[in-house]
Amino acid sequence: MSRLNPILAASVQSTDAYQQAIKQTSEAVVTWLQQPEMYQGKSVAELRERIQLDFTSQGLGNQAAIERAVEFFLKDSLSVHHPQCVAHLHCPSLVVSQAAEVLINATNQSMDSWDQSPSATIIEMKLIEWLRTQVGYQAGDAGVFTSGGTQSNLMGLMLARDAFFAAQGHSVQQDGLPGDLSKIKVLCSENAHFSVQKNMALMGLGYRSVTLVKTDRFARMDINDLAEKVAQAQANGEQILAIVATAGTTDAGAIDPLPAIAALAAQHNIWVHVDAAWGGALLLSEKYRDYLDGIELVDSITLDFHKQFFQTISCGAFLLKDARHYELMRYQAAYLNSEFDEAQGVPNLVSKSLQTTRRFDALKLWMGLEALGQQQYAEIIDHGVTLAQEVAQYVSEQPSLELVMQPQLASVLFRYRPASLATADDAAIALINQKIGDALLDSGRANVGVTESDGVTCLKMTLLNPTVTLQDIKVLLALVEKTAEQL
Ligand SMILES: *Cc1c(COP(=O)(O)O)cnc(C)c1O
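Residues numbered from 1 in each chain as written. Predicted model: local features only at pLDDT ≥ 70, side-chain atom pairs only at ≥ 80, totals over all residues. Heavy atoms only, no water.

Before going further, it helps to spend a moment on the site of the ligand. Near the ligand there are 13 residues, and of these Thr150, Asp275, Asp304, His306 and Lys307 occur at the shortest range. Between the ligand and Gly149 there is a distance of 2.8 Å, counted from an oxygen atom to a backbone nitrogen or oxygen. At 2.6 Å, a side-chain N or O of Thr150 approaches an oxygen atom of the ligand. Burial of the ligand by the surrounding chains reaches 85%, relative to a free accessible area of 380 Å². Element by element, the count of residues in the shell around the ligand is highest for helix 6 (residues 149–166), at three residues. Of the residues that constitute the shell around the ligand, the class distribution is two nonpolar, eight polar and three charged. (Near = heavy atom within 4 Å. Polar contact = N/O pair within 3.5 Å; in protein donor to acceptor, adjacent residues only side chain to side chain. Areas by Shrake-Rupley, 256 points an atom, 1.4 Å probe, with all protein chains shown as cover. Helix = DSSP H or I, 4+ residues; strand = E, 2+ residues; numbered from the N terminus. Nonpolar A, V, L, I, M, F, W, Y, C, P; charged D, E, K, R; others polar.)

Another point: the sheet that holds strand 6 (residues 300–304). Here seven strands make up an open sheet; going across it, the order is 1-7-6-5-4-2-3 and the pairing mixed. Of all strands in the sheet, those bounded by a partner on one side alone are strand 1 (143–146) and strand 3 (210–213). Sheet twist, expressed as the average angle between the axes of neighbouring strands with direction ignored, equals 20 degrees. Pairing of strand 4 (residues 239–246) with strand 5 (residues 271–276) involves five bridges; the strand directions are parallel. In the sheet register, Thr246 faces strand 5, and the bridge partner there is Asp275. Sheet strands in contact with helix 9 (residues 223–235) are strand 2 (184–189), strand 3 and strand 4, and its direction is about 150 degrees off that of strand 3. (Pairing = 2+ DSSP bridges. Axes fitted to C-alpha atoms, helices over the stretch in contact; angles between N-to-C directions. Contact = heavy atoms within 4.5 Å.)

To continue, consider the sheet that holds strand 8 (residues 401–405). An order of 8-9-11-10 is seen for the four strands of this open sheet, with the pairing classed as antiparallel. Strand pairing shows two members of the sheet lacking a second neighbour, strand 8 and strand 10 (449–453), which therefore form its edges. Strand after strand, the sheet turns through a mean of 45 degrees between neighbouring axes, direction not considered. Of the pairings in the sheet, the one linking strand 9 (residues 411–416) to strand 11 (residues 456–462) comprises four bridges and is antiparallel in character. Residue pairing across strands places Val412 opposite Met461, the latter belonging to strand 11. The strands touched by helix 14 (residues 470–486) are strand 8, strand 9 and strand 11; relative to strand 9, the strand with the most contacts, the crossing angle is about 25 degrees.

Let us now look at the pairing of strand 3. Two faces belong to every sheet, and in a regular strand the side chains alternate between them. The pairing of strand 2 with strand 3 spans four bridges and is parallel. Residue Val186 lies in a different strand from strand 3, and its bridge partner there is Val210.

Within the secondary structure layout, Arg415 lies in strand 9. Among the residues examined, Arg415 registers a relative accessible area of 8% and is labelled buried. Dropping the residues within four chain positions of it, Arg415 is found in contact with Ser400, Leu401, Glu402, Val404, Asp426, Ile429, Asn433, Val456, Thr457 and Cys458. (Buried < 20%, exposed > 50% of the residue type's maximum accessible area, 1.4 Å probe, protein only.)

This is the structure we're talking about:
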């Protein structure tokens, strides 16, 4: 029985099949982009029923497999480019990022060794060098692309931990964790990302190793409480591995006071990691770059490009101020980074990453920077921050809506609270706001976040999309009110 060779390679048969498959899928994407609904509104049960793997002995062929993906995946996907898709830090992506994905996927380079990704390794290293200059670090190439903020935060916490014990003459890499583990602490604010806890658990130190520092009314770390918690920890004989500051908390977009945190940490010789998964976008901002002042002082940084840099998932980076700390996670694998090759100056990125096989996600940022240039990149980033301020103003003028916090980045926290609910208790208001969020998604017309701010259940709009206007959001808010009235 003759079959088409399914592998992408040089034969005419293969390149024809490749072009056909790409054409078929890109045409389907164009059709999907024009669907007016944000979501088709199917329930969990409906999708479970509808979506079935069709794995047959003979195979369906590319064309049929693509048709099925269009029918069962694409049509019921969430339209992240839709103006009323504002629930999460989940961005629509750049056109050039799609082109980059074609190259990334077709070449299938792997970033773990130079002989699997020669030009890609150089591009990634040059981009890390460039990112370092953007944050204000010294020239160098200590840093690596990651799958996202969670992994970058893990790298920061792990290296902080290992540097802490290395200073006491102990190698965690060789000998594991020493001493009384219950004495080991990391400090971050109440609004830091949950990956701090998850990563500490992963590192064998548990959620309880995380001490939460209080926040001010703008959800930023309270520097006085930080000073107190550090003093308390020291009085208790605890060992502080790191302070994790956040530049752009996931809900409020709050940026912790970086210079003050760095100064306090320096007095006590404590590692500071900045989780700038969201706020790092301001590195390219024209209007708001100063929000990140002080980021150059810290020991390690998380950046995410699949948030307000508009890259496709996944695309993140970890930056390490002092390259010597990379020695703490060095591993010499004969087949990837032999001493022989390293002695000849052959670069390898496996020693800078927790991953081994790794995608060439750096290309997306590289091409995005080249295609858009500084001005346009700044514009699309600043758009969301400015829009959030306008939307907040509008919300505060609506009698049925209440602004919960003044925006700092591109999110607006608010809740539905008409005069008729003036005397209702908090639980009742919370419930109605929760129901609004669910009803909007069920209707397929909008995806608005539901979250909590300081114990108050509220709605959240994350206004990343640079094509969204104040008018679009007015339409969305009218829909919120209408939905609430129908509940
Ligand atoms: C999104 C986010 C993360 C997690 O990043 P992933 O890329 O989703 O792993 C961590 N910290 C902050 C502040 C975030 O906004």
